[in-house]
Amino acid sequence: MAASSAAARTIIENCAIATVDANDTEYASGYVVVAGNRIESVGAGRAPEGLENVVRRIDGTGHLVTPGLVNTHHHFYQWLTRGLATDHNLFNWLVALYPTWARIDEPMARAGAQGSLAMMARGGVTTAMDHHYVFPKGSGDLSGAIIGAASEMGVRFTLARGSMDRSEKDGGLPPDFAVETLEGALAATEETVKKHHDASFDAMTQVAVAPCSPFSVSTELMKQGAELARRLGVRLHTHGSETVEEERFCKELFGMGPTDYFESTGWLGSDVWMAHCVHMNDSDIAAFARTGTGVAHCPSSNARLAAGIARVPDMLKAGVPVGLGVDGTASNESGELHTELRNALLINRLGAHREAALNARQALRLGTYGGAQVLGRGDQIGSLEAGKLADLVMWKIDGLGHSTIADPVTAIVFGAAAPVTLSLVDGKPVVEDNHLTTVDEDAIARTTRDESQRLARIVAQG
């Protein structure tokens, strides 16, 4: 739907533009016109004359304008447990931290969400997601707290309502008191979808069905979770093929590797995206490509937990949708997505394809349109095109950190993290001059510190 002719307009001009459209259209000096919550026009040179209801005109000299970044995998509550278990692989890290995570409550979940969202938003993220799967008994409305924090921040948001029902007594990793029952998890997930999911084009909040992982979820929860998602018309998300230990676990428990297991439970399809997908062979990649299953690539977390290097160049060549993810900040303490553009490029160049693995524009596409595809919103966000939602970022690239990098896209991918002069979500400013406009960053820092310390005290008391 086009913007109304009476809509208030914002004009950004004299800036470099990377649209990340299907043709990778770029302008050395161009303009973007935003009308209401939609992009009205994008082009070279100055904006058209005679536009009505122009409420703001921005000189973008020294800036690159791109689509807003789209985060496709995260665990917000982990903001409260950063810097712990720093020398562990995935399974040992989970065993070390599950007993702490199993004691979170509603104020902690809200604080963790505020910290995670603030760190991403001020670095150019306009669409965030959270895979939350820890629901201790009596902990309050954790999903509502997380969604409320995203709404307050003003970012577009997908809650992947997670669940676990395979605990230590069943051969899983979570402690027994940290999981839900099969029936309870399915009922709570359905309630969350019905209460919060918005299927409209302009949606600010969506919900996905997201059992945690093969080693913390029963086969019945996987199967019935997929059936639930498709009955409700929402997307599916889980962890997949993250480590060699997970592959061994699947083969020992199910008699097959992760991809075959996912296919057997209804978890391959164009409505599914998986986090990590580090250990995938040619057959696995072909199955993802054939079914349109998406991937959330989390390069920093994969490195932090020594999981390995995902075969992103091979996935892209095969036609697999791939986006970028911060992952939880207990395994990526920076909590930033814009730095993942650089890390995705550099880490993939350590793999088999070396310098041909990824280039700067491919990295930017992963963080924008690729993420939009993975979340099922490629027709709404992820590129700067007329009619799409006005989610965009102005990166300042004329300062010391980028002064001698001539190409703007190379500057923000290879160079230092670029300051965000303006970030619009749904046409509204969320960041101005590298500061959040909707929340108090200092207050969030205090709240998250207090809640992290409270959690540590609870754990210490047993």
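The rules behind these values
- Residues numbered from 1 in each chain as written.
- Predicted model: local features only at pLDDT ≥ 70, side-chain atom pairs only at ≥ 80, totals over all residues.
- Heavy atoms only, no water.
- Phe/Tyr/Trp six-rings, centres within 6.5 Å; stacked < 30°, edge-to-face > 60°.
- Buried < 20%, exposed > 50% of the residue type's maximum accessible area, 1.4 Å probe, protein only.
- Lys NZ or Arg CZ within 6 Å of the ring centre and 35° of its normal.
- pLDDT = per-residue confidence, 0-100.
- Helix = DSSP H or I, 4+ residues; strand = E, 2+ residues; numbered from the N terminus.
- UniProt positions renumbered as here; feature names shortened; annotations may be inferred.
- Pairing = 2+ DSSP bridges.
- Core = buried A, V, L, I, M, F, W, Y, C linked by side-chain atoms within 4.5 Å.
- Contact = heavy atoms within 4.5 Å.
- Axes fitted to C-alpha atoms, helices over the stretch in contact; angles between N-to-C directions.
- Parallel < 35°, antiparallel > 145°, perpendicular 65-115°, else oblique.
- Left-handed = near helix turned anticlockwise from the far one by under 90°.
- Nonpolar A, V, L, I, M, F, W, Y, C, P; charged D, E, K, R; others polar.
- Arc of directions from axis to C-beta.
- Polar contact = N/O pair within 3.5 Å; in protein donor to acceptor, adjacent residues only side chain to side chain.
- Expected span 1.5 Å × (residues − 1).
- Disulfide = S-S within 2.5 Å.

The name that an unreviewed UniProt entry assigns to the protein chain is 8-oxoguanine deaminase, with the source organism given as Streptomyces enissocaesilis.

Draft legend 1. Inspection of the packing of aromatic side chains at higher detail. As enumerated under the stated definition, the model contains ten aromatic pairs in all. Seen from their ring centres, Phe249 and Phe254 are 6.5 Å apart, and the 75° between their planes marks the pair as edge-to-face. Note on Phe254: relative accessible area 16%, which makes it buried. If you follow Arg82 out to its NZ or CZ, it ends over the ring of Trp79, 3.7 Å from the centre. When the ring centre of Phe135 is taken as reference, the NZ or CZ atom of Arg161 above it lies at 3.6 Å.

Draft legend 2. Seen up close, the confidence of the model for the protein chain. Chain-level statistics for the protein chain give a pLDDT mean of 96 and a share of 99% at 70 or above. Confidence, expressed as mean pLDDT per element, reaches its minimum in the protein chain at helix α6 (residues 244-254) with 90 and its maximum at strand β5 (residues 63-67) with 99.

Draft legend 3. Quick peek at the UniProt feature "domain: Amidohydrolase-related" (unreviewed entry) in the protein chain. UniProt marks residues 64-428 with the feature "domain: Amidohydrolase-related" (unreviewed entry), using the numbering shown here. Regarding residues 64-428, the helix share stands at 39% and the strand share at 16%, and the terminal C-alpha atoms are separated by 18 Å.

Draft legend 4. Main features of the pairing of strand β11 (residues 272-276). The buried count for β11 comes to five of five residues, which makes it a mostly enclosed element. Of the strand pairs in this sheet, strand β10 (residues 236-240) and β11 are connected by five bridges, and their pairing is parallel. Bridge assignment links Leu236 to a residue of β11, and that residue is Val272. Sheet topology places β11 next to strand β12 (residues 294-297); three bridges connect them, and they run parallel.

Draft legend 5. Geometry of the nonpolar core. Among the nonpolar cores identified, the biggest contains 108 residues, and Trp93, Trp101, Leu117, Met153 and Met315 are the most heavily contacted of them. In contact with Trp101, other than residues within four places in its own chain, are Tyr77, Gln78, Thr81, Trp93, Leu94, Tyr133, Val134, Pro136 and Ala330. Judged by nonpolar contacts, the second largest core, of 15 residues, contains Ile12, Ile17, Val42 and Met394.

Draft legend 6. Layout of the side chain of Ser167. Inspection of the secondary structure assignment puts Ser167 in the loop between β8 (156-163) and α4 (182-196). Using a relative accessible area of 1% as the deciding quantity, one classes Ser167 as buried. When sequence neighbours within four positions are dropped, the list of residues in contact with Ser167 reads Gly172, Pro174, Pro175, Asp176 and Val179.

Draft legend 7. Fine view of the packing of α4 against helix α5 (residues 219-232). At a minimum axis distance of 11 Å, the contact between α4 and α5 shows a crossing angle of 20°. One element, α4, and the other, α5, form an angle in the roughly parallel class. Every pair of crossing elements has a handedness; the one defined by α4 and α5 is right-handed. Across from Leu182, Ala185, Leu186, Thr189, Glu190, Val193 and Lys194 in α4, the residues of α5 making contact are Glu220, Leu221, Gln224, Gly225, Leu228, Arg231 and Leu232. For the contact of α4 with α5, the per-class residue count stands at seven nonpolar, three polar and four charged.

Draft legend 8. Helix α8 (residues 282-291), seen in detail. Taken together, the buried positions of α8 are occupied by Asp284, Ile285, Ala287 and Phe288. Relative to the axis of α8, the buried residues are bounded by an arc of 155° and lie together on one face. Away from the buried face of α8 by more than 90 degrees, exposed residues Asp282, Ser283 and Arg290 are located. In this structure, the buried side of α8 is in contact with α7 (258-264), β11, β12 and α10 (312-318). Structurally, the start of α8 carries an N-cap: the backbone nitrogen of Ser283 is 3.0 Å from a side-chain oxygen of Asn281. Just beyond α8, the residue with positive phi is Gly292, at close to 75°.

Draft legend 9. Fine view of helix α14 (residues 441-460). Taking 1.5 Å of rise per residue, the 20 residues of α14 would be expected to cover 28 Å, and the 29 Å separating its terminal C-alpha atoms lies within 8% of that figure. Residues of α14 that are buried in the fold lie against α1 (90-101), α2 (106-121) and α3 (142-153). Capping the start of α14 is the job of one residue whose side-chain oxygen sits 3.0 Å from the backbone nitrogen of Asp442: Asp440. Within two residues after α14, Gly462 carries a phi angle of roughly 75°, on the positive side.

Draft legend 10. Here's a closer look at the state of the cysteines. Evaluated as defined, the whole model comprises zero disulfides. No disulfide involves Cys212; its nearest neighbouring cysteine sulfur is the one of Cys250, lying 13 Å away. Of the cysteine sulfurs around Cys277, a residue in no disulfide, the closest is that of Cys298, at 9.2 Å.

Draft legend 11. Expanded view of the side chain of Thr329. You can see Thr329 is positioned in the loop between β13 (322-324) and α11 (338-348). Classification of Thr329 as buried rests on a relative accessible area of 0%. Within the local environment of Thr329, its side chain forms a polar contact with the backbone nitrogen of Trp79, the two atoms lying 3.1 Å apart. Here Thr329 is in contact with His74, His75, Gln78, Trp79, Arg82 and Gly335, once residues within four sequence places are set aside.

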